[in-house]
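Observations on chain architecture
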Amino acid sequence: MTGSAANWQYAPAPESTKVEIKTQYGLFIDGAFRDPMSGRFFDTINPATEAPLARIAEADGRDVDSAVQAARKALKRWRRTPAIERAKYLYRIARRIQERARELAVLETMNNGKPIRETRDEDVPLAAAHFFHHAGWCDKLHFAFPTSDGKHPASVGVCGQIIPWNFPLLMAAWKIAPALACGNTVVLKPAETTSLTALRLAEILQEVDLPPGVVNIITGGGESGREIVAHHDIDKIAFTGSTEVGRSIATSVAGTKKRLTLELGGKSPNIIFADAAIDQAIEGVVSAIWANQGQVCCAGSRLLVEESVADEVIAKLRHRMKSLRVGDPLDKNTDVGAINSRAQLDRIEHYIKAGIAEGAAHNAHNDVALPPKGFWCRPCFFTGVQPAHTIAREEIFGPVLAVMTFRTPDEAVARANNTMYGLSAGIWTSRGSKAYEIARQIKAGVIWCNTFNQFDPAAPFGGYRESGFGREGGRSGLAAYLA
Ligand code: NAD
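Starting afresh in each chain, residues are numbered from 1 along the sequence in its written order. Predicted model: local features are reported for residues with pLDDT of at least 70 only, side-chain atom pairs are reported and counted for 80 or more only, and whole-chain, interface and lining totals are derived from all residues. Water and hydrogen atoms were dropped before computing side-chain values, which therefore reflect all heavy atoms in the structure.

What links the strands of a sheet is backbone hydrogen bonding, and the strands pair in either a parallel or an antiparallel sense. The pairing criterion is simple: DSSP has to find at least two bridges between the two strands. Helix and strand labels come from DSSP, where a helix needs a run of H or I of at least four residues and a strand needs a run of E of at least two; each type is numbered from the N terminus. Across the sheet, three strands lie side by side as β1-β5-β4; this open sheet has mixed pairing. Lying at the two open borders of the sheet, with one neighbouring strand each, are β1 (24-25) and β4 (41-45). Note that β1 and strand β5 (residues 52-57) share two bridges and pair parallel. Within the sheet, the bridge partner assigned to Q24 lies in β5 and is R55.

Here's what the structure looks like:
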């Protein structure tokens, strides 16, 4: 190998696609798969090739009603199941996820478009970790949430859970594991473009003999989600998705007795101070905005750089961007895979055009040949961005970074907080006192120092303001599932 990293050639290292995919999937209700009442199915595709993978059932109000009834019926028994027994189910689910990890990773990559390196090393292990972590909580809840009679705290009841497409299996784990640990039952709806791993999880639930009705998985689009939110016999709605849909859900739940948690969008700042280890910070920026093609709610999509090191940071960032390998998500060398859908790609391209039209400078990774089919966006960053620019304000949900500069810590904080969101932030500095002082002033639910995008089931995750409310993970995440 000669030349710079950008010119290195690698032999393809594709992961085998040998996983079982049925031609058609029904709804998982009361422990069994069944066809939707309407008889309607829709195609789910591989966004990297546009090839259809399977047909997915579209649930309507009648199916949602059956699922809610199954969850209600199962609730009594599940609540009475001794906590230590509940823990065993969660533990078995975690073990089965580990045992079927390769299959889940391949399936996720094929249905979502994200690189196999991420599904294999992050999504699937973290999903298993969430079930392990919550298995441990089942019989210890009364220590963290003491009750007057010393008994275990009561669960909320039947939970309607709606999740997005960017981390399909992981979001299902984030939702299901704490709900079950606390003794709730679940009706979960994955996003319409990425249902396959949730349905594979349903098979795992059958394998571990989870009692029928404890978890029901309903597939379909926004309308199926609306039916869950509107159902009269649901006690709690847990929603992860866009701020726009989150707002409409908050409106429809207002005035009912349903409890609600919302994990919504973000436009998170990633702040590099001049005293930071710059090379390390550049790696953090790569993870913050180009992991999962930037389709991450907590993506560090606004890079704030101290002016004195801005030239160095931008030069190094450009160099590093050009070493990213874009293409076949199933290739183990790939850093940046496919965008999840045509609609999302159109949205990202709209923002790139807006950035250029507003006068920011577009720096894209133009050295790669993109595959002929599928939905692809070159990683890029904009310099010369003003806080008022659309690309500095709105969530793009793609591999597009807006770079801005600051002169003083106060200005960094003001720029970081200049957003309607409040999900995450990154701070890069070699001084602990500065990191602490800045973190204290930033309005975000999660703040990373000298790292980015680190997740752990014990660490609560969630936002402020338009990024939603409620936490997932850790003790705070459990609180949302206890009465
Ligand atoms: P989305 O809001 O379009 O869809 C999310 C889910 O809601 C899907 O399952 C969808 O079918 C369903 N849905 C759509 N309309 C609905 C309605 N009216 N009622 C009920 N359900 C409805 O979001 P998306 O495009 O799938 O995901 C991207 C968004 O999710 C981004 O804004 C991202 O920031 C956010 N997100 C947030 C977090 C977090 O933890 N804060 C995590 C991941 C993604």
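Before going further, it helps to examine the sheet that holds strand β12 (residues 302-306). Spatially, the seven strands line up as an open sheet ordered β13-β14-β15-β12-β11-β16-β17, and their pairing is mixed. The sheet is open, and its two borders are formed by β13 (361-364) and β17 (446-449), each paired with just one other strand. Strand-to-strand twist of the sheet, defined as the mean angle between neighbouring strand axes without regard to direction, takes the value 20°. Alignment of strand β11 (residues 269-272) against strand β16 (residues 424-428), held across three bridges, turns out to be parallel. Across the sheet, residue I271 finds its bridge partner in β16, namely I427. Lying on the sheet, helix α12 (residues 342-357) is in contact with β13, β14 (380-383) and β15 (400-406); it crosses β14 at an angle near 25°. A fitted line through C-alpha atoms serves as each axis, taken over the contacting stretch for helices, and the angle formed by two N-to-C directions is quoted from 0 to 180°. By the convention used here, residues are in contact when the closest approach between their heavy atoms is within 4.5 Å.

For the rest of this paragraph, the subject is the site of the ligand. The rule for a residue being near a molecule or strand is that one of its heavy atoms must lie within 4 Å of it. Taken together, 27 residues lie around the ligand, and I163, E192, S242, L264 and E395 are the ones closest in. Each polar contact in these results corresponds to two N or O atoms within 3.5 Å; when the atoms are within protein, one needs to be able to donate a hydrogen and the other to accept it, and residues that are neighboring in sequence are counted only if both atoms are side-chain atoms. Here a nitrogen atom of the ligand and a side-chain polar atom of R226 are 3.1 Å apart. With respect to the ligand, the side chain of S242 contributes an N or O atom lying 2.6 Å from an oxygen atom. Computed with the Shrake-Rupley method and a 1.4 Å probe, the accessible areas treat only the protein chains shown as cover for residues. Notes on the ligand: free accessible area 840 Å², of which the protein chains cover 91%. Judged by its atoms lying within 2 Å of the grid points, the ligand is housed in the largest pocket. Cavities and pockets are defined on a 1 Å grid built over the protein atoms alone: a cavity is a set of grid points where a 1.4 Å probe fits but cannot escape, while a pocket is an open set with protein on both sides within 12 Å along at least five of seven lines, and lining residues are those with an atom within 4 Å of any such point. Whether a molecule lies in a cavity or pocket depends on its atoms, and more than half of them have to be within 2 Å of the grid points.

Looking now at the pairing of strand β10 (residues 259-263). Think of it in three bands: residues with accessible area under 20% of the maximum for their type are buried, residues over 50% are exposed, and the middle band is partly exposed, with areas taken using a 1.4 Å probe on protein chains only. Of all five residues in β10, four are buried; the element is thus mostly enclosed. In terms of strand pairing, strand β9 (residues 236-240) meets β10 through five bridges, oriented parallel. Residue pairing for β10: K236 is matched across the bridge by R259. Viewed along the sheet, the connection from β9 through helix α9 (residues 243-253) into β10 turns out right-handed. In this sheet, strand β18 (residues 468-469) lies alongside β10 in antiparallel orientation, the contact comprising two bridges. Paired with E263 across the strands is G468, a residue of β18. For the handedness criterion, the strands are oriented away from the viewer, and a crossover whose path from the first strand over the helix to the second runs clockwise is classed as right-handed.

Let's shift gears to the domain arrangement of the protein. All the domain ranges listed were derived from an automatic or database domain assignment. You can read the domains of the protein as domain 1 (24-264 + 466-479) and domain 2 (269-456). Between the C-alpha centres of domain 1 and domain 2 there is a distance of 30 Å. Listed by partner, the interface residues are 30 residues for domain 1 and 31 residues for domain 2. Here domain 1 packs against domain 2, burying approximately 2500 Å² in sum over the two surfaces, 57% of which is carbon and sulfur. Using a 1.4 Å probe, buried area is obtained as the accessible area two parts lose upon being combined, added over both of them. When residues of domain 1 are sorted by the area they lose upon contact with domain 2, E50, W165 and S467 head the list and together hold 20% of the total. Salt bridge, as used here, is a side-chain nitrogen of Lys or Arg placed within 4 Å of a carboxyl oxygen of Asp or Glu. On the surface where domain 1 and domain 2 come into contact, there are one salt bridge. We note a salt bridge from R117 to D335, for which the minimum N-O separation is 2.9 Å. Contributing elements (two or more residues each) for the side of domain 1 that touches domain 2: α3 (101-112), α4 (116-137) and α9. By residue class, the composition of the side of domain 1 that touches domain 2 is twelve nonpolar, ten polar and eight charged. When residues are grouped by polarity, Ala, Val, Leu, Ile, Met, Phe, Trp, Tyr, Cys and Pro land in nonpolar, Asp, Glu, Lys and Arg in charged, and all others, Gly among them, in polar.

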